[in-house]
Each structure stands twice: as C-alpha cells, then as structure tokens.
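Descriptive structure summary
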Amino acid sequence: GLLGAMAHCSAEQLSNALPTIIPRLLGALSDPHEEIQRAARRALKQIGDVIQNPEIRANVPHLLAALAKPQNTNTALTKLISTSFVHTIDTPSLALLVPILMRGLRDRNVKSKQMA
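Read on for an overview of the structure. Note that this is a predicted model, so its numbers are computed, not measured.

Relative to the helices and strands, Ser-93 is located in helix α6 (residues 91-106). Considered as a pair, Ser-93 and Asn-53 are 40 residues apart in the sequence and their alpha carbons are 7.0 Å apart.

See the structure below:
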C-alpha cells in the first residue's frame, strides 16, 4: 500500500513523515479487520528495512515485535539497554524507539519504567 511504498521514498522524505505515520500504523495494528492489521505490520517491516543506524537496525525485529504486541516491550527494552550506541540516532530510528520507550514509561511495572 501507500505506507509500504513510502518506505522506498528518499530517506529525508520518509524521516520527515515517520513521526506522523508510526502512531497511525500502531492504531491500525489493533484494528478489528485482519487485513488492516496485516497491512500495518507489512508497512512497519518495510519502514524497519530502511533504518540506517546500525545499532537500531540490529534491533528492528525486537522493536517491531514490541510495536505489534505490548507484551514484547520489556524484551525490546532489554535489547536496547544491552546495545552500545556509537552512531547518531536519526529521526526514523527515533520514530520506532519513542513509542516503545513511552509504553515502558507508562507501564505500571517498575522494571519497565526503569528500563525505559
């Protein structure tokens, strides 16, 4: 779809749009229609494929799993904590990270809050 096609836009175009797109995709993941959920997962995967930061790119499967299912948030946070970041975290990377960090901060579990 359109969102998947946007993953192949220029990095600058995509990075400018991701803060708007990611929250909408997250909403689509909980849509009652399975086809909408599948399209949202495909679009997130395609967006994950264009992440340039090597440390974030290595964690994309965990990040996408956490975005798709809240119960995977702690696993993603644990992976991020154990990652040594040496490269700049760009806008597309932040667009994937921030929803997970925010979910961790809002969690009632103290461990999740500490990791976030």
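Here the narrative resumes.
Further remarks concern the nonpolar core. Counting residues in each nonpolar core, the largest one holds 28 residues, and the members touching the most others are Ile-22, Leu-25, Leu-44, Leu-63, Leu-67, Leu-96 and Ile-100. Of all the elements in the fold, those that place two or more residues in this core are α2 (11-29), α3 (34-49), α4 (54-68), α5 (73-81) and α6. For this core, the element with the most residues is α2, which contributes nine residues. Contacts of Leu-96, omitting those with residues within four sequence positions, involve Ile-22, Gly-48, Ile-51, Leu-63, Leu-64 and Leu-67.

Before going further, it helps to spend a moment on the packing of α5 against α6. Between two packed helices, what matters for the description is the angle formed by their axes and the separation of those axes. At a minimum axis distance of 10 Å, the contact between α5 and α6 shows a crossing angle of 115 degrees. Comparing the axis directions of α5 and α6 gives the class roughly perpendicular. The two elements α5 and α6 cross, and the hand of that crossing is left-handed. Within the contact between the two elements, α5 uses Thr-73, Ala-76, Leu-77 and Leu-80 and α6 uses Leu-97, Ile-100, Leu-101, Arg-103 and Gly-104. Residue composition of the contact of α5 with α6, by class: six nonpolar, two polar and one charged.

Let us look at the pattern of salt bridges. Within the structure shown, the criterion is met by five salt bridges. Among the ionic pairs, Arg-38 bridges to Glu-34, the shortest N-O distance being 3.7 Å. One end of the pair is Arg-38 and the other is Glu-34, both in helix α3 and four residues apart, which spans about a single turn. Note on Glu-34: relative accessible area 39%, which makes it partly exposed. Between Glu-35 and Arg-38 there is a salt bridge whose closest N-O contact spans 2.7 Å. Here the residue Glu-35 and the residue Arg-38 both occupy positions in helix α3, the gap between them amounting to three residues, near one helical turn. For Glu-35, a relative accessible area of 43% translates into the label partly exposed. Through salt bridges that share partners, Glu-34, Glu-35, Arg-38, Arg-41 and Arg-42 make up one connected network.

What counts, and at which threshold
Residues numbered from 1 in each chain as written. Predicted model: local features only at pLDDT ≥ 70, side-chain atom pairs only at ≥ 80, totals over all residues. Heavy atoms only, no water. Helix = DSSP H or I, 4+ residues; strand = E, 2+ residues; numbered from the N terminus. Core = buried A, V, L, I, M, F, W, Y, C linked by side-chain atoms within 4.5 Å. Buried < 20%, exposed > 50% of the residue type's maximum accessible area, 1.4 Å probe, protein only. Contact = heavy atoms within 4.5 Å. Axes fitted to C-alpha atoms, helices over the stretch in contact; angles between N-to-C directions. Parallel < 35°, antiparallel > 145°, perpendicular 65-115°, else oblique. Left-handed = near helix turned anticlockwise from the far one by under 90°. Nonpolar A, V, L, I, M, F, W, Y, C, P; charged D, E, K, R; others polar. Salt bridge = Lys/Arg side-chain N within 4 Å of Asp/Glu carboxyl O.

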